[in-house]
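In case you want the letters, here they are:
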Amino acid sequence: MMETLAAALSHYNYVITIFLMMIGLYIVVVRGNMVKKLIGLSIFQTSVYLLYIAPGKIIGGTAPIIDPAFKLYSNPLPHVLILTAIVVGMATLALGLALVVRINEAYGTIEEDEIFERDRET
Amino acid sequence: MSAVWPHLPILQVIIPLFGALLAGFARRAGPAFAIALVVSWLMPLCAGAMLWQVLASGPISYHLGSWAPPWGIEYRVDVLNAFVLVLVSIIGAVIMPFARRSVAFEIEEGQRAWFYCMYLLCLTGLLGITITGDAFNAFVFLEISSLSTYVLIALGRDRRALLAAFQYLIMGTIGATFYVVGVGLLYLVTGSLNMVDIAARLGPTWADNSRAIIAALAFVTVGVSLKLALFPLHVWLPNAYAYAPSWATAFLSATATKVAIYLLVRFLFSIFGVAIDLRGLPVAAIIVALSLAAMFVASLIAVFQSNVSRMLAYSSVAQIGYITLGIGFVNLAGLTGGLVHIVNHALMKAALFLAVGAIFFRVRTVRLSELAGIGRKMPITMAAFTVACFGLVGTPGTSGFISKWYLALGALEKGWWIVVFLIVGSSLIALVYVGRVLELAWLREPSKAIADASDPPLSMLLPLMLLAAATIYFGFDTEWTAGIASMAAKDLLGGLR
């Protein structure tokens, strides 16, 4: 029990990652409001950024600049990858919000259950 | 020409990407269509040349910016890649002429150029996923194709198209994010993103990191399965296909899910299969079980649909079940069947959705109840539709039969007699839903709604007839489909541990 706890504490970055991931997915599944769904989706994606970036950092390591004074470097690659993923995430969020605006124009609401009701009427 | 030759892999991505930019800048429908047409017709030449090169002299490895793998991004083309590339680009090329009138009919003036722009971006993404040898690069292309697909779907006329696009956006993003999580775990374990390199490094660390590797396998499989609409992760598909513009549906149903299936095959066989004992894990068993469920549940739902597009969409879910069933067998005949069904199903579904698009073009409805007697008014369209339907059921003499034959062989090789009966059984259900439409179309008196319908113009008929002819042709001459599929399958299985 104590060992598991200690392991969890020493890997707190992964614990936070999983926590954010679960919160994000939960919001996406449970909320009917489309903007809230997108917020959940965004949190879910953010957790992945952390999953990549945290292990790239080496304690005591510096930026990867060649210099005789430094021996230990952090890995820059995950940061670069996540830069791409952030752009992708932003594009998804922007497109999602644009769709929500259009849905609001077409249906007059962004609550999922109300939309389904309006579709059933027609 | 000789200067272009070694750079074919990158051109496969660059040409549609720049085409998309040009089409966006063109702003008007006419020039945008012309650009899309030229690009679509160039792509099969490009892909065909690479397939020829691969068949003649083995896999092509292209290093982006001359950075050698595993540090640089590598585009790697082997038989499987080239096969899928040729399929995607040929589908795009064949159905492109259909787009002009169909898009002009269904999409507002100001949005038509954007439609072509989004189609070209989607093509970029799909070809990119297929050609890249870098796991993270595949994610970026996956998102390029997905984001443009959401827009393509949202351009549909009905307001429900917006809702379908939104739901697909949520599901698709969750799927893609799962995929990145899986790739991230693989990167943590191996320190590499190059697919070949991951496969080589994964084996030695298996003993220490088996839990992380299994988690990565699960994340990637589930994420990609969302994209390929494996039952029960298919819920986004029927609405998306039913409300998207007809031409977009035909294109997406033939290519998007197929490319996702390719990605699944690549990960299962070329990465995980090479490094760890895939047969010792229950992955294949789960895939087989879900595929069988897809074949029956989705077919049964299709029987009760009143809208032809929705019926065909559910039938797509069932047909994807056949493909993944073949993958789940993990033997030569089964995998060949799955891969060859990728092609056959793409040809048939493209033909079917084009026919539906042609019907919508003429009579503005695809509700089954209003289509009575349509066969007498639009004989050529419905003849092509009928041929593709027979392919869907798997009648001998059509390409659908070839795929099911290989699948049955694969099942027999495993000693799973019952699965052979299940394949036949689900084909009979397909006969029921297909039969409903055909009976209505050919044997009833024409209804009022379709009184002045007639076959669409030649530019729309020609793609339709070509695809229908291909469905029959590949039922007899299997050298190009089953032959190459079995070569790819042999490669994949040969690498398995």
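A brief look at the structure comes next. Every chain's residues receive numbers from 1 upward, in the order its sequence appears when written. By the order in which they are written, chains take letters starting at A while ligands take numbers starting at 1. Under the rules for a predicted model, residues below a pLDDT of 70 receive no local features and side-chain atom pairs below 80 are neither given nor counted, while totals for whole chains, interfaces and linings still include all residues. As a rule here, side-chain values cover all heavy atoms of the structure and leave hydrogens and water aside.

**Details of the overall build of chain A**
- Secondary structure is summarised from DSSP: a helix means a run of H or I of at least four residues, a strand means a run of E of at least two, and numbering begins at the N terminus for each. In terms of regular secondary structure, chain A is built from 5 helices and 0 strands.
- In sequence order, chain A lays out its α and β elements as α-α-α-α-α.
- Whereas a compact globule of 122 residues would reach a radius of gyration of roughly 14 Å, chain A reaches 21 Å, over 25% beyond that.
- On the principal axes, the C-alpha backbone points of chain A span a range of 70 × 40 × 10 Å.
- Whether a residue is buried, partly exposed or exposed follows from its accessible area with a 1.4 Å probe, protein chains only, as a fraction of its type maximum: under 20%, in between, or over 50%, in that order. Out of the 122 residues belonging to chain A, those deemed buried represent 33%.
- On chain A, roughly 7500 Å² of surface is accessible, and the fraction owed to carbon and sulfur atoms is 71%. The globule rule is 2.2 Å times the number of residues to the power 0.38, and the radius of gyration it is compared with is taken over C-alpha atoms. A 1.4 Å probe and the Shrake-Rupley method give the accessible areas. Residues count as covered only by the protein chains that appear here.

**Focus on the interface of chain A and chain B**
- Each side of the interface is counted separately: chain A has 37 residues, and chain B has 28 residues.
- A combined buried area of about 2900 Å² lies between chain A and chain B, and 81% of that area is made up of carbon and sulfur atoms.
- Whenever Lys or Arg places a side-chain nitrogen within 4 Å of a carboxyl oxygen from Asp or Glu, that contact is recorded as a salt bridge. Taken together, the connections running from chain A to chain B amount to 1 salt bridge.
- Across the pair Arg-159 of chain B and Asp-119 of chain A runs a salt bridge, and its minimum N-O distance is 3.9 Å. Note on contacts: a residue pair qualifies if any of its non-hydrogen atoms lie within 4.5 Å across the two residues. The term buried area refers to how much accessible surface (probe radius 1.4 Å) is lost by two components on association, counted for both of them together.

**Here we look at unusual backbone geometry**
All names here are of chain B.
- Following Pro-69, the chain continues to Pro-70 via a peptide bond in cis, the omega torsion being 5 degrees.
- Relative to the assigned elements, Pro-70 resides in the loop between β1 (60-63) and β2 (74-77).
- Look at the link from Phe-231 to Pro-232: it is a cis peptide, with omega at -5 degrees.
- Take Pro-232: it is sitting in the loop between α7 (195-228) and α8 (236-243).
- The backbone phi angle of Arg-27 is positive, close to 65 degrees, even though this residue is not glycine.
- Tracing the chain through its elements places Arg-27 in the loop between α1 (8-26) and α2 (29-57).
- The phi dihedral of Ser-66 falls on the positive side, at around 60 degrees, and the residue is not glycine.
- For Ser-66, the location among the structural elements is in the loop between β1 and β2.
- Note on Ser-66: relative accessible area 68%, which makes it exposed.

**With respect to helix α15 (residues 399-414) of chain B**
All names here are of chain B.
- Working rule for helices: expected span equals 1.5 Å times residues minus one. The end-to-end C-alpha distance of α15 is 24 Å, a good match for the 22 Å that 16 residues give at a rise of 1.5 Å each.
- Listed in full, the buried residues belonging to α15 are Ser-399, Gly-400, Ile-402, Ser-403, Lys-404, Leu-407, Ala-408, Gly-410 and Ala-411.
- Its buried side turned inward, α15 meets α11 (308-329), α12 (332-363), α14 (379-393), α16 (417-443), α17 (458-476) and α18 (479-495).
- Phi for Gly-415, located one or two positions after α15, is positive at around 80 degrees.

**Details of the side chain of Asn-307 of chain B**
Residues and elements named next belong to chain B.
- Looking at where Asn-307 falls in the secondary structure, it is placed in the loop between α10 (283-303) and α11.
- What makes Asn-307 buried here is its relative accessible area of 15%.
- A distance of 2.8 Å separates a polar atom in the side chain of Asn-307 from the backbone nitrogen of Ser-309. Under this definition, polar contacts are N or O atom pairs within 3.5 Å; protein pairs additionally need one hydrogen-donor-capable and one acceptor-capable atom, and for neighbouring residues in sequence, both atoms have to be side-chain atoms.

**Overview of the pattern of salt bridges**
All names here are of chain B.
- The full count for this structure, using the stated rule, is 11 salt bridges over all chains.
- Note that Glu-74 is salt-bridged to Arg-76, the shortest N-O span being 3.4 Å.
- Accessibility expressed as a relative area gives 4% for Glu-74, which makes it buried.
- The partner of Glu-445 in a salt bridge is Arg-376, and the shortest N-O contact between them spans 3.3 Å. Placement of the pair is Glu-445 in the loop between α16 and α17 and Arg-376 in helix α13 (residues 374-377), with a sequence separation of 69 residues.

**Let's talk about the environment of Ile-43 of chain A**
- Tracing the backbone through its elements, the reader meets Ile-43 of chain A in helix α3 (residues 34-56).
- Sequence separation between Ile-43 of chain A and Ile-53 of chain A is 10 residues, and the spatial gap between their C-alpha atoms is 15 Å.

**What about the packing of aromatic side chains?**
All names here are of chain B.
- Side-chain rings of Phe, Tyr and Trp (the six-membered ring for Trp) are treated as a pair once their centres are within 6.5 Å; stacked means planes under 30 degrees apart, edge-to-face means over 60, and tilted covers the remaining angles. Under the criterion given, the structure shown has 20 aromatic pairs over all chains.
- With centroids separated by 5.9 Å and ring planes inclined at 85 degrees, the aromatic side chains of Phe-115 and Tyr-116 adopt a geometry described as edge-to-face. There is no split in this pair, since Phe-115 and Tyr-116 are both buried.
- By the criterion adopted, a ring carries a charge over it if an Arg CZ or a Lys NZ lies within 6 Å of its centre and within 35 degrees of its normal. A cation sits over an aromatic face here: Arg-157 above Phe-105, 5.8 Å from the ring centre.

Fair warning: the whole summary comes from geometry, so function is off the table for now.
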